[in-house]
Amino acid sequence: MVDVEPFVDDAVAEIREQVGDEHAIIALSGGVDSSVAAALAYEAIGDQLTPVYVDTGLMRKGETDQVRETFDYMESLRIVEAQERFFDRLEGVLDPEEKRHVIGEQFIREFEREATGTDARYLVQGTIYPDRIESEGGIKSHHNVGGLPDVVDFDGIVEPVRDLYKDEVREVARALGLEEVVSERMPFPGPGLAVRVVGEVTPEKADVAREACHIVEEELEAYDPWQAFAAVVGKGTGVKGDNRVHGHIVAVRSVESRDGMTARAQELDWETLQRIQSRITGTVPSVARVVYDVTHKPPATIEYE
Ligand code: XMP
């Protein structure tokens, strides 16, 4: 376990030394890793840091407001409202890898535009130890290691939490006074809700996934899952009043895992499952059916795409 106080002091001193009088930029995602990296960097260099948060339209419920509130004290914070541009680019895109590619590319464009408007010579990233291991092993192509640095010709990369595991990052987050919604936040995939909508992502389906994910997160907090979420997986027939309707099928997933590489579907009690079903169909009328996913990883992945 990390010794938090000396860690914070050392990390701040190291960032100060590395960046000096130059400017730095960081892409905030709303997650705990980039939040801690940003908080440490801001402590070190203040407004020489420009934190950039891109709202892709694929974020969790309330995430943008959360970021705005949490980092309100950073005058240099930039919030980019890019929802329309992302949805435009996702129109007609069905293939999961193509989706990831489109989102990654659009993200880089948005970030590049912000970066060129600053004098940033350094890129701060919230890369943690398992990210580096996975990237070095070539297991995941979608992580943040080696992604953004090519965007602008930076003098250096600053990775203040590079040697920490997730639970250690959470400890540092608590010590830095970040709220519980940030420090205890479940992992969320980079492409956001796009991997929780099977097939084409539309603003409407993203809204359904967002609301359903929020309900699942709230209802399953007591189970302390590694990740719990909902995905829009297709369409099916239901009845509303006297009418048959063609509505969304929402799959609920809740898994235990140590590192996301393998996972076990959690055993939930019937009452909880029914409460989730009734809240989702009650709050989102376009949902006709809610199912629970009992598949472990392997053979399934955690996300749907
Ligand atoms: P899978 O679905 O591959 O997910 O079993 C394993 C872990 O990785 C997260 N995940 C992603 N994270 N970009 C990310 O940054 C992605 O494209 C991506 N896909 C999956 C997933 O949420 C889980 O924690």
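Keep in mind that what you see is a predicted model, and the values were worked out from it rather than measured.

(A) Fine view of the overall build of the protein chain. The helix and strand tally for the protein chain stands at 10 helices and 9 strands. Its C-alpha atoms give the protein chain a radius of gyration of 20 Å, near enough to 19 Å, the size a compact globule of 305 residues would have. Once the C-alpha set of the protein chain is aligned to its principal axes, its extents read approximately 70 × 40 × 35 Å. A buried classification covers 50% of the 305 residues belonging to the protein chain. A sequence separation of at least 24 residues applies to 75% of the contacts in the protein chain between residues at least 6 apart.

(B) Representation of the UniProt feature "binding site: ATP" (unreviewed entry) in the protein chain within the structure. Annotation from UniProt places "binding site: ATP" (unreviewed entry) at S29, G30, G31, V32, D33, S34 and S35. Along the chain, G30 falls in the loop between β1 (23-28) and α2 (32-45). In this structure, G30 is in contact with S35, Y53, E63, V67 and R185, ignoring residues within four places of it in sequence. Its place among the elements puts D33 in helix α2. Those residues in contact with D33 that lie beyond four places of it in its chain are G126, I128, V161, K166 and V169.

(C) Highlighting the environment of I280. Along the chain, I280 turns up in helix α10 (residues 270-283). Classification of I280 as buried rests on a relative accessible area of 0%. I280 sits 64 residues away from V216 along the chain, and the two C-alpha atoms are 8.6 Å apart. Excluding residues that lie within four positions of it along the chain, I280 makes contacts with A212, I215, V216, V250, V252, V287 and V290.

(D) Expanded view of a negative patch on the surface. Judged by side-chain charge, D3, E5, D9, D10 and E43 come together as a negatively charged surface patch. With 3 residues, helix α1 (residues 4-19) is the single largest residue contributor to the negative patch.

(E) Structural detail: the pattern of salt bridges. Applying the stated rule across the entire model yields 23 salt bridges. As a salt-bridge pair, R68 and E81 come within 3.7 Å of each other at their nearest N and O atoms. Remark: E81 occurs in strand β3 (residues 78-81) and R68 occurs in helix α3 (residues 63-70); sequence separation between them is 13 residues. Note on R68: relative accessible area 36%, which makes it partly exposed. The partly exposed category is assigned to E81, whose relative accessible area is 43%. Its salt-bridge partner being R174, residue E184 comes within 2.8 Å of it at the nearest N-O pair. Of the two residues, E184 sits in the loop between α8 (180-183) and α9 (203-219) while R174 sits in helix α7 (residues 166-175), which places them 10 residues apart along the sequence. Residue E184 is classed as partly exposed on the basis of its relative accessible area, which comes to 36%. One connected set of salt bridges, linked through shared partners, spans E218, E219, R275 and R279.

How each quantity is defined
Residues numbered from 1 in each chain as written. Predicted model: local features only at pLDDT ≥ 70, side-chain atom pairs only at ≥ 80, totals over all residues. Heavy atoms only, no water. Helix = DSSP H or I, 4+ residues; strand = E, 2+ residues; numbered from the N terminus. Rg over C-alpha atoms; globule rule 2.2 N^0.38 Å. Buried < 20%, exposed > 50% of the residue type's maximum accessible area, 1.4 Å probe, protein only. Contact = heavy atoms within 4.5 Å. UniProt positions renumbered as here; feature names shortened; annotations may be inferred. Patch = residues over 30% accessible without salt bridge, like charges linked within 9 Å, V, L, I, M, F, W, Y side chains within 5 Å. Areas by Shrake-Rupley, 256 points an atom, 1.4 Å probe, with all protein chains shown as cover. Salt bridge = Lys/Arg side-chain N within 4 Å of Asp/Glu carboxyl O. Lys, Arg positive; Asp, Glu negative; His and termini not counted. Charge placed at Lys NZ, Arg CZ, Asp CG, Glu CD.

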